[in-house]
Amino acid sequence: MPLTILVVDDDAGIRLSLKDYLELEGYIVVMAEDGWQALELISQSQPQLVITDISMPRIDGFAFLKSLRQQPAWRLLPVIFLTARTQTQERVQGYQSGCDVYIEKPFELPEVGAVVKNLLARSQLIQTAWLQYQQVPEPLPVAAPSPLLPMPGSVLADHFSLTDREQSVLDLLSEGMSNAQIAATLFLSPRTIEKYVTNLLRKTDTSNRAELVRFAMDHHLVE
């Protein structure tokens, strides 16, 4: 599935040029005119990366990024500042707010494309490495078994039951959601979701998300 990029800039020409270029590179592009509109769109679009200007009406880039980083689901989202405001003090403020890269205007589209590709690749490597190498998760709070019980004759009936939260994570996982999307839907942190996914992999004796979903479908744990 193509990755989604949110482009935020009050200059329509810049938005459209980035959209055309990035779509040719195989990405899905969602556009916003300022930080206010971007905050309204982000939960709906669930982007894997954001490119944003700083000088914008209503909510500027600094305020937009600060608001973004206050939400657990978006704390690790790669963000590029694409701006003419590149004085040292402004760069420091941007990095303190949580941006990953500054690119000066005017810019070259191939440079933007290279930075986007690098940040997305690094983000996916971090997520994969965390899932692969993290230690056994901390014990989760004991909860009542999910009301969704295994179908009669299921081999799971005698081996384990899922908590309500585990069932919710599994349901969303089977819909193809990423950890960040599940975290946003359940109002939890991505790290907590990773722990639930790891726990589900351990319980079902599966080694990856695809095997987990196939196992859940075979044993009627999801619809």
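Because the structure is predicted, anything quoted here is derived from the model rather than measured. (Residues numbered from 1 in each chain as written. Predicted model: local features only at pLDDT ≥ 70, side-chain atom pairs only at ≥ 80, totals over all residues. Heavy atoms only, no water.)

### Regarding the side chain of Ser 97
Piece 1. Structurally, Ser 97 can be placed in helix H4 (residues 88-97).
Piece 2. Given the relative accessible area of 18%, Ser 97 is considered buried.
Piece 3. In this structure, Ser 97 is in contact with Phe 62, Leu 65 and Arg 69, ignoring residues within four places of it in sequence. (Helix = DSSP H or I, 4+ residues; strand = E, 2+ residues; numbered from the N terminus. Buried < 20%, exposed > 50% of the residue type's maximum accessible area, 1.4 Å probe, protein only. Contact = heavy atoms within 4.5 Å.)

### Quick notes on helix H8 (residues 190-204)
Piece 1. Here H8 spans 21 Å end to end across 15 residues, near enough to the 21 Å set by a 1.5 Å rise per residue.
Piece 2. Burial within H8 is extensive, with eleven of its 15 residues counted as buried.
Piece 3. Buried within H8 are the following residues: Pro 190, Ile 193, Glu 194, Lys 195, Tyr 196, Val 197, Thr 198, Asn 199, Leu 200, Leu 201 and Thr 204.
Piece 4. Backbone geometry just after H8 places Asp 205 at a positive phi near 55°. (Expected span 1.5 Å × (residues − 1).)

### What to know about the pattern of salt bridges
Piece 1. Throughout the structure, instances matching the rule amount to nine salt bridges.
Piece 2. Across the pair Glu 104 and Arg 91 runs a salt bridge whose closest N-O atoms are separated by 3.3 Å. Placement of the pair is Glu 104 in strand S5 (residues 101-104) and Arg 91 in helix H4, with a sequence separation of 13 residues.
Piece 3. Taking relative accessible area as the criterion, Glu 104 reaches 43% and is therefore assigned partly exposed.
Piece 4. Using a relative accessible area of 24% as the deciding quantity, one classes Arg 91 as partly exposed.
Piece 5. As a salt-bridge pair, Glu 166 and Lys 203 come within 2.9 Å of each other at their nearest N and O atoms. With Glu 166 in helix H6 (residues 164-174) and Lys 203 in helix H8, this residue pair connects regions lying 37 residues apart in the sequence. (Salt bridge = Lys/Arg side-chain N within 4 Å of Asp/Glu carboxyl O.)

### A few points about the nonpolar core
Piece 1. One finds Val 8, Val 50, Phe 64, Leu 68 and Phe 81 to be the most contacted residues of the largest nonpolar core, which totals 20 residues.
Piece 2. When contributions to this core are tallied by element, the ones reaching two or more residues are strand S1 (4-8), helix H2 (35-45), helix H3 (61-69) and strand S4 (79-83).
Piece 3. It is H3 that provides the largest number of residues to this core, a total of four residues.
Piece 4. Aside from chain neighbours lying at most four places away, what touches Val 8 is Ala 32, Asp 34, Gly 35, Ala 38, Val 50, Ile 51, Thr 52, Asp 53, Met 56 and Phe 64. (Core = buried A, V, L, I, M, F, W, Y, C linked by side-chain atoms within 4.5 Å.)

### Considering the packing of H3 against H4
Piece 1. Relative to each other, H3 and H4 sit at 20°, their axes nearing to 9 Å. Our classification of the angle between H3 and H4 gives roughly parallel. Judged by the twist between their axes, the crossing of H3 over H4 is left-handed. On H4, the residues touching Phe 62, Leu 65 and Arg 69 of H3 are Glu 90, Gln 93, Gly 94 and Ser 97.
Piece 2. By residue class, the composition of the contact of H3 with H4 is two nonpolar, three polar and two charged. (Axes fitted to C-alpha atoms, helices over the stretch in contact; angles between N-to-C directions. Parallel < 35°, antiparallel > 145°, perpendicular 65-115°, else oblique. Left-handed = near helix turned anticlockwise from the far one by under 90°. Nonpolar A, V, L, I, M, F, W, Y, C, P; charged D, E, K, R; others polar.)

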